[in-house]
Amino acid sequence: MIRIALRTLRYHKGGFIASFIALFFGATIVVACGGLLETGIHNAAPPQRLAAAPVVVTGEQRYLGTSSELVFPERVRIDSALTAKIAAVPGVERTAADVTFPGALAPPGGGPAAQVTGHGWSSAALTPYRLTQGAAPADAGQVVVDSRLAQRAGLRPGSEVDIRSGGTSKAYEVSGVAAGNGEANGVFLADAAALAAQAAAGLPGTVDNIGVFPAAGADAGAVADGIRAAVAGQPVSVLTGDERGRAENPGVIDDGSDLIPLAAAFGGLSAMVTVFVASSTLGLSIQQRQREMALLRAIGTTPGQLRRLILGETVLLAAIATALACIPGPRVGRWLLGAFADAGVVPDSIVFRAGSVPLIVGVATALVTAVGAAFIAANSAARTRPTEALAEAGLQRKWFSGFRSVVGLLCLVGGVALAVGTAGMDGPDAGSVATPAAMVWTTGFGLLGPVLARGITASLRRPVRAVSGLSGHLATRNAKARTARLAAAVMPVMLATGLAVGLVYMQTTQADGAEQAFDESLRADAVVTSVSGGMPLETVDAVRALPGVAAASAQVPSLGFIEPDVPIDPAVNGGDGESGAPQPTEVSMQGVTPEGVAETTSFRAASGSLDALRGDAVALPARYAGDRRIGDTVPMRLGDGTRVDLKLVATVDGRRGYETALVPASVLVGHTDAGLVPQIMVRAAPGTDRAALEASLRTLADRQPGLRVTDRQALTAVAADNSDTQSWMAYLVLAVVVGYAAIALVNTQVLATTERRREFMLQRLIGATRRQVMQMMAMEAVLVSVAGIVLGLLVAALTLVPFSMSVLGTTLPTGSPWILVTVVGGALGLTLATTLLSAGAVLRGRPGDLAGIKE
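Because the structure is a prediction, the values reported are computed rather than measured.

S.K.: I'd love a proper account of the overall build of the protein, names of residues and values included.
M.R.: What the protein contains, in helices and strands, is 29 helices and 23 strands. Out of the 855 residues belonging to the protein, those deemed buried represent 51%. For the protein, the exposed surface amounts to about 35,200 Å²; the carbon and sulfur share of it is 59%.

Given below as structure tokens:
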């Protein structure tokens with residue numbers, strides 16, 4: 001049978017080429033997604049700025065002892081006193097404390113200030129940086145700048161610059177220029193000046209990291225173990241190898257792990273499309289060989305032999321396609337990772353790390369899909385009795401099975417359950433359920449495709465005949481007689497339409513929900529920011545005292561956790577991620593100034609009073625308050641892991657999924673990365689227009705260099721830009737998946753049309769003109785398009801309605817109607833063009849060539 005399979009390949013080139021294309025592209029995408037998944041699991045971010053230190057000690061960013069692998073969003077800093085303790089560990093030659101603070105550098109001549117990241121000169125050895133010009137900073141008035149920054153700003157030793165940080169501006173002399181693999185905007189002060197700058201940012205007595213240099217001949221692993229023993233009980237991590245990159249960018253732990261669900265969802269969606277496309281293409285290819293199968297049965301071929309023949313052909317084809325897909329697959333995965341990093345979805349320090357596992361998974365998925373599809377397609381012919389084989393091939397009576405209908409109905413039940421779950425989710429989280437729901441709906445409709453396609457085409461029979469006459473009559477008769485072929489052609493149209501409409505409108509609806517929540521929370525007329533990364537909290541009082549200002553409030557965004565009733569103890573619970581460990585409640589937090597929060601935001605107290613947000617106080621969203629009453633103590637963890645006991649003074653309502661806990665800015669600001677207030681929201685006094693308000697605010701900017709004044713539209717634009725980043729990522733995923741579905745659509749239509757050469761030639765012999773055959777094919781393409789578009793829109797509607805109810809509270813998603821028009825028009829145009837071009841190519845032959853066309 002294998003020998004026969006090899007010989008049959010050359011006689012069915014069209015079907016095998018179509019199947020090869022489907023399997024090759026599908027396996028490529030699955031291998032790429034597998035590479036992304038393994039990259040997320042490794043989460044490798046090789047160090048750059050800390051690369052010279054074999055061992056790095058940094059704050060423990062993981063929330064140890066919880067049932068989920070929670071990560072503190074703000075940098076967990078460590079006590080500077082640990083530097084001496086670590087230096088005393090046997091095998092340690094020296095240590096270097098790494099201090100980081102945000103700032104802005106104003107070049108000579110009064111040019112625009114550039115954001116910079118400041119460090120102490122001792123930490124330059126951690127990269128290492130080497131001086132290319134000048135000397136190290138000898139006193140508090142000197143600074144060394146990165147060579148790339150020096151080139152951009154035109155700096156050299158002896159240049160005078162102003163560095164603004166923590167609301168102050170100080171003049172420095174550039175003592176040297178250094179080159180290294182660190183930040184392109186790095187500046188280095190004398191160690192004492194750097195510590196003072198960090199203290200001015202509200203972070204005294206702490207350092208970001210401690211780099212450790214083992215003595216000559218000492219083993220770095222042994223030194224790291226010794227340091228772990230020395231700092232046992234402290235909230236620190238001792239890192240070696242690629243893990244040191246986490247000390248440079250703590251977001252790698254959380255944002256890097258986001259790559260796992262992203263790759264899993266992307267890969268799952270791609271695998272589902274691959275299954276449908278490959279099954280549809282292989283099934284159609286085998287259906288078109290029913291006459292050949294029937295003849296084999298009639299001459300004594302057993303069902304097992306027939307199955308082995310088809311499986312042998314398919315395995316050979318799938319092996320070649322998947323083997324070739326292993327070449328571009330990792331490259332596509334690396335390109336996708338770079339695209340995600342450019343969009344800010346994952347840190348750009350994460351490197352693509354994919355071994356043999358993605359290749360094995362991708363090849364296995366493609367092979368299992370191909371073999372499964374071939375086995376299902378071969379069953380009908382293999383089980384046919386020899387005496388009925390020829391009649392069965394000619395009439396195609398068995399076009400649906402009971403097993404297929406049962407599984408399809410179960411998928412529809414699952415889709416209903418997921419739809420209910422989607423409608424009950426919080427708006428920001430609804431997409432995590434809506435996407436699997438779209439996959440389940442698509443699977444159900446795909447399995448029930450022959451029934452649904454037949455029903456749709458039957459309902460179109462009279463209108464098509466009335467509009468197109470004889471060509472429409474022939475098209476509908478063909479659709480009725482060849483239901484299986486029709487269903488195979490309809491499925492790629494359904495996939496492309498359903499996924500495109502569903503995923504695009506999901507993204508536009510999600511973006512609109514976030515924009516509405518942002519607009520509802522904003523009541524300020526102007527916003528004060530700083531080019532140096534933030535302002536001291538006292539700036540809020542200075543803004544409030546300006547003429548024309550009715551109210552001002554700090555706005556310090558962060559993320560916190562409400563402690564559970566059961567104490568969290570890593571020693572008892574076994575560390576992070578244990579299933580039996582307690583789970584804190586994650587909640588968005590906003591540091592505000594009580595004197596201006598009501599006037600500058602939409603937050604209103606459902607109980608208690610926001611005026612009481614002073615000292616160690618908190619206003620919780622009503623849904624998170626639970627059974628707590630006003631005056632109760634709420635144990636919480638701030639963004640940097642600091643545990644605080646806050647008094648509940650109010651509860652606030654908010655849009656579901658966008659609720660925010662309010663705390664005094666004085667409580668929160670010192671536990672953020674910058675230690676400064678990033679924004680001050682300002683409300684104009686009655687009778688003060690916006691221009692007068694901004695002019696008043698600029699007088700403060702003249703006294704405090706680095707301050708910037710923008711209106712609320714600019715703030716809304718920034719929020720929209722952040723939303724656009726997420727949208728870009730979603731559209732990238734959509735382009736890959738829907739692009740593959742579009743390739744499958746073209747592939748299937750070409751296969752379904754070119755294999756009908758004998759049918760077309762017969763029609764020409766009995767008197768049909770080329771134009772009449774083309775008209776018939778145009779109407780068949782319309783039937784296929786309409787059936788696929790209707791099913792695709794039904795999949796999209798069943799996904800989008802509950803999603804929109806969760807995000808917007810309405811049944812209709814938001815987004816331009818031109819999206820729908822474009823998708824529907826594209827599906828119709830692509831199907832028509834592919835069908836007519838393929839039919840035209842077939843009809844170039846002469847009717848008299850029929851005798852040379854093989855069965």
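S.K.: How would you summarise unusual backbone geometry if you had to cite specific residues and measurements?
M.R.: In this chain, threonine 127 is followed by proline 128 through a cis amide linkage whose omega measures -5°. Tracing the sequence through the fold places proline 128 in the loop between strand S5 (114-120) and strand S6 (130-134).

S.K.: Which residues make up a nonpolar patch on the surface, and what values go with them?
M.R.: Together, Ile320, Leu324 and Ile327 give the surface a local cluster of nonpolar side chains, amounting to about 260 Å² of exposed area. By the element assignment, isoleucine 320 lies in helix H11 (residues 303-325).

S.K.: So what's going on with a negative patch on the surface? Which residues, and what values?
M.R.: On the surface, Asp139, Glu160, Asp162 and Glu173 cluster together to form a negatively charged patch. Among the structural elements, aspartate 139 can be located in the loop between S6 and strand S7 (142-146). Classification of aspartate 139 by relative accessible area gives partly exposed; the value is 40%.

S.K.: I'd like a rundown of the pairing of S5, residues and numbers included.
M.R.: With 5 of its 7 residues buried, S5 lies for the most part within the structure. Judged from the 6 bridges that link them, strand S4 (residues 100-106) and S5 form a sheet pairing that is antiparallel. Along S5, the bridge assignment pairs threonine 100 with histidine 119. Pairing geometry for S5 and strand S10 (residues 186-189), over 4 bridges, is parallel. Pairing of threonine 117 across the sheet is with glycine 186, part of S10.

S.K.: Hey, could you go over a positive patch on the surface for me, with residue numbers and the actual values?
M.R.: On the surface, a cluster of positive charge is made up of Arg462, Arg465, Arg477 and Lys480. Mapped by element, the contributors of at least two residues to the positive patch are helix H17 (449-468) and helix H18 (470-481). Along the chain, arginine 477 falls in helix H18.

S.K.: Quick one: what's the story with the packing of helix H15 (residues 402-423) against helix H16 (residues 431-447), residue by residue and with numbers?
M.R.: Describing two packed helices takes the angle between their axes plus the distance from one axis to the other. Across the interface, H15 lies against H16 with an axial gap of 8 Å and an inter-helix angle of 160°. On the basis of the axis angle, H15 is roughly antiparallel to H16. Crossing hand, H15 versus H16: left-handed. Facing H15, whose interface residues are Arg404, Val407, Gly408, Cys411, Leu412, Gly414, Gly415, Val416, Leu418, Gly421 and Thr422, H16 presents Val433, Ala434, Pro436, Ala437, Val440, Trp441, Thr443, Gly444, Phe445, Gly446 and Leu447. Of the residues assigned to the contact of H15 with H16, the class counts are 13 nonpolar, 8 polar and 1 charged.

S.K.: Describe in detail the environment of leucine 620, supporting the description with residues and values.
M.R.: Within the fold, leucine 620 resides in strand S18 (residues 617-621). When the C-alpha positions of leucine 620 and alanine 650 are compared, they lie 6.6 Å apart, and in sequence the two are 30 residues distant. Once you skip the residues sitting within four places of it in the chain, leucine 620 turns out to touch Ile562, Ala625, Val634, Leu648, Ala650, Thr651, Val652 and Ala661.

S.K.: I'd love a proper account of the nonpolar core, names of residues and values included.
M.R.: Ranked by internal contacts, the top residues of the largest apolar core, which has 46 residues, are Val273, Phe340 and Leu495. Counting only elements with at least two residues in this core, the list comes to helix H2 (13-42), helix H9 (259-287), helix H12 (328-342), H16, helix H19 (483-521), helix H26 (712-754), helix H28 (770-807) and helix H29 (817-842). Residues within four places of leucine 495 in sequence aside, it is in contact with Met272, Val273, Phe276, Val277, Thr442, Ala500 and Ala741. Counting residues in each nonpolar core, the second largest holds 38 residues, with Val556, Met589, Val634 and Ala661 among its members.

S.K.: Describe the packing of H15 against H28, naming the residues involved and giving the relevant values.
M.R.: At a minimum axis separation of 7 Å, H15 and H28 run at an interaxial angle of 20°. Relative to H28, the element H15 lies roughly parallel. As H15 runs across H28, the sense of the crossing is right-handed. Contacts from Ala419, Thr422 and Ala423 in H15 reach Leu798, Pro802, Phe803 and Ser806 in H28. Residues of the contact of H15 with H28, tallied by class, amount to 5 nonpolar, 2 polar and no charged.

S.K.: How would you sum up the pattern of salt bridges? Please name residues and give values.
M.R.: Oppositely charged side chains can pair when the atoms bearing their charge come close. The full count for this structure, using the stated rule, is 18 salt bridges. Between arginine 623 and aspartate 426 there is a salt bridge, with the nearest N and O atoms lying 3.1 Å from each other. Remark: aspartate 426 occurs in the loop between H15 and H16 and arginine 623 occurs in helix H23 (residues 622-625); sequence separation between them is 197 residues. Put simply, glutamate 563 and arginine 643 hold a salt bridge, and the shortest N to O gap is 3.6 Å. On the criterion of sequence distance, the pair formed by glutamate 563 in the loop between strand S15 (549-562) and helix H21 (570-573) and arginine 643 in strand S20 (residues 643-652) is long-range, its members being 80 residues apart. The structure contains a network of salt bridges with shared partners spanning Asp541, Arg544, Glu595 and Arg614.

S.K.: How would you explain the sheet that holds strand S1 (residues 55-59) if you had to name every residue and give the values?
M.R.: Strand order in this open sheet of 4 strands is S3-S12-S1-S13, and the pairing throughout is antiparallel. Looking at which strands have only one partner, the edges of the open sheet turn out to be strand S3 (92-98) and strand S13 (236-240). Each strand axis lies, on average, 20° off the axis of its neighbour in the sheet, ignoring direction. The sheet contact formed by S3 and strand S12 (residues 209-214) spans 6 bridges and is antiparallel. Looking at S12, one finds that valine 92 is bridged to proline 214.

S.K.: Lay out the packing of aromatic side chains in plain terms, naming residues and giving numbers.
M.R.: Scanning the entire structure with this criterion turns up 7 aromatic pairs. Look at tyrosine 63 and phenylalanine 561: their rings are 5.4 Å apart centre to centre, the planes differ by 65°, and that puts the pair in the edge-to-face class. Here tyrosine 63 is found in the loop between S1 and strand S2 (78-79), whereas its partner phenylalanine 561 is found in strand S15, with 498 residues between them in sequence. Taken as a pair, tyrosine 63 and phenylalanine 561 share a single burial class, namely buried. By the ring-pair criterion, three or more aromatic residues cluster together here, those being Tyr63, Phe72 and Phe561.

S.K.: Describe the side chain of serine 159, with residues and values.
M.R.: Positionally, serine 159 belongs in the loop between helix H4 (147-153) and strand S8 (160-165). Within the structure, the side chain of serine 159 is placed 2.9 Å from the backbone oxygen of arginine 156, a separation counted as a polar contact. If near-sequence neighbours (up to four positions away) are discounted, serine 159 is found in contact with Gly154, Tyr172, Glu173 and Val174.

S.K.: Account for H28, with residues named and values stated.
M.R.: An α-helical turn contains 3.6 residues, so any two residues separated by three or four positions project in the same direction. Taking 1.5 Å of rise per residue, the 38 residues of H28 would be expected to cover 56 Å, and the 53 Å separating its terminal C-alpha atoms lies within 8% of that figure. At the C-terminal side of H28, glycine 809 shows a positive phi close to 80°.

S.K.: Can you explain H16? Please cite residues and give values.
M.R.: Compared with the 24 Å implied by 1.5 Å per residue over 17 residues, the 24 Å span of H16 between its first and last C-alpha is a close match. The buried count for H16 comes to 12 of 17 residues, which makes it a mostly enclosed element. When H16 is considered as a whole, its buried residues turn out to be Gly431, Val433, Ala434, Thr435, Ala437, Ala438, Met439, Trp441, Thr442, Gly444, Phe445 and Gly446.

S.K.: Lay out the environment of methionine 774 in plain terms, naming residues and giving numbers.
M.R.: Here methionine 774 shows up in helix H28. The spatial distance from the C-alpha of methionine 774 to the C-alpha of leucine 843 is 8.8 Å, given a sequence separation of 69 residues.

S.K.: Mind laying out the side chain of glutamine 555, listing which residues take part and the relevant values?
M.R.: Looking at the secondary structure, you find glutamine 555 in strand S15. Contacts of glutamine 555, omitting those with residues within four sequence positions, involve Gln590, Gly591, Val677, Pro678, Gln679 and Met681.

The rules we used
- Residues numbered from 1 in each chain as written.
- Predicted model: local features only at pLDDT ≥ 70, side-chain atom pairs only at ≥ 80, totals over all residues.
- Heavy atoms only, no water.
- Helix = DSSP H or I, 4+ residues; strand = E, 2+ residues; numbered from the N terminus.
- Buried < 20%, exposed > 50% of the residue type's maximum accessible area, 1.4 Å probe, protein only.
- Areas by Shrake-Rupley, 256 points an atom, 1.4 Å probe, with all protein chains shown as cover.
- Patch = residues over 30% accessible without salt bridge, like charges linked within 9 Å, V, L, I, M, F, W, Y side chains within 5 Å.
- Salt bridge = Lys/Arg side-chain N within 4 Å of Asp/Glu carboxyl O.
- Lys, Arg positive; Asp, Glu negative; His and termini not counted.
- Charge placed at Lys NZ, Arg CZ, Asp CG, Glu CD.
- Pairing = 2+ DSSP bridges.
- Axes fitted to C-alpha atoms, helices over the stretch in contact; angles between N-to-C directions.
- Parallel < 35°, antiparallel > 145°, perpendicular 65-115°, else oblique.
- Left-handed = near helix turned anticlockwise from the far one by under 90°.
- Contact = heavy atoms within 4.5 Å.
- Nonpolar A, V, L, I, M, F, W, Y, C, P; charged D, E, K, R; others polar.
- Core = buried A, V, L, I, M, F, W, Y, C linked by side-chain atoms within 4.5 Å.
- Phe/Tyr/Trp six-rings, centres within 6.5 Å; stacked < 30°, edge-to-face > 60°.
- Polar contact = N/O pair within 3.5 Å; in protein donor to acceptor, adjacent residues only side chain to side chain.
- Expected span 1.5 Å × (residues − 1).

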